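Residue-level listing of the chains:
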Amino acid sequence: MGISRRKPLSLRDTLKKPSSPKVSQNEDAGLDESDWRTQLGRGARQRVVNRILVTLKRHLPFSGEESLRELMKIAARFEAKNYAIAMSESDYRQRISLKMHQLDSRSQNEMP
């Protein structure tokens, strides 16, 4: 048995509605019904992106709409990367939580 190789899904791909009523979003995205990703709703992923964004805003300088949009892109790419490589929902959440915790810890260690 070989390892299944799937194209990583972007946040946009996973949040879009099915293009046809005959094809489910899971089939359209090439996901197996037993895959943990099928159980994670659109809103849950957006909440994760929003939490990442809040953390980034605490630690990275930004000013104006353009830099805020850039932070949003960074948060979305980070979430999508972890979503694509995680083996389970708990792995997905742990990976993101660990990185956010590391960012918080690094910031606290830099303050005198």
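Structure's up top.
Below is a summary of the structure that appears in this document. (Residues numbered from 1 in each chain as written. Predicted model: local features only at pLDDT ≥ 70, side-chain atom pairs only at ≥ 80, totals over all residues. Heavy atoms only, no water.)

**Thoughts on the nonpolar core**
Ranked by internal contacts, the top residues of the largest apolar core, which has 16 residues, are Trp36, Leu40, Ile52, Leu56, Ala75, Tyr92 and Ile96. Those elements that place two or more of their residues in this core are helix H3 (42–59), helix H4 (64–85) and helix H5 (89–110). Top element by residues in this core is H3. It accounts for six residues. In this view, Leu40 contacts Arg45, Tyr83, Glu89, Tyr92 and Arg93; residues no more than four positions away in its chain are not counted. (Core = buried A, V, L, I, M, F, W, Y, C linked by side-chain atoms within 4.5 Å. Buried < 20%, exposed > 50% of the residue type's maximum accessible area, 1.4 Å probe, protein only. Helix = DSSP H or I, 4+ residues; strand = E, 2+ residues; numbered from the N terminus. Contact = heavy atoms within 4.5 Å.)

**Quick look at the pattern of salt bridges**
In this structure the tally under the stated criterion is six salt bridges. Close ionic contact of Arg37 with Asp35 constitutes a salt bridge, the shortest N to O distance being 3.0 Å. By relative accessible area, which is 8% here, Arg37 ends up buried. When the shortest N-O distance is used, the salt bridge between Arg93 and Glu89 registers 3.0 Å. One end of the pair, Arg93, and the other, Glu89, are both in helix H5, four residues apart, so they sit about a helical turn from each other. For Arg93, a relative accessible area of 31% puts it in the partly exposed group. (Salt bridge = Lys/Arg side-chain N within 4 Å of Asp/Glu carboxyl O.)

**Topic: the packing of H4 against H5**
Between H4 and H5, the shortest axis-to-axis distance is 8 Å and the interhelical angle comes to 140°. Accordingly, the angle class assigned to the pair H4 and H5 is oblique. For H4 against H5, the interelement crossing comes out right-handed. From H4, Phe78, Glu79, Asn82, Tyr83 and Ile85 reach across to H5, where they touch Asp91, Tyr92, Arg95, Ile96, Lys99 and Met100. Across the contact of H4 with H5, the residue classes tally to six nonpolar, one polar and four charged. (Axes fitted to C-alpha atoms, helices over the stretch in contact; angles between N-to-C directions. Parallel < 35°, antiparallel > 145°, perpendicular 65-115°, else oblique. Left-handed = near helix turned anticlockwise from the far one by under 90°. Nonpolar A, V, L, I, M, F, W, Y, C, P; charged D, E, K, R; others polar.)

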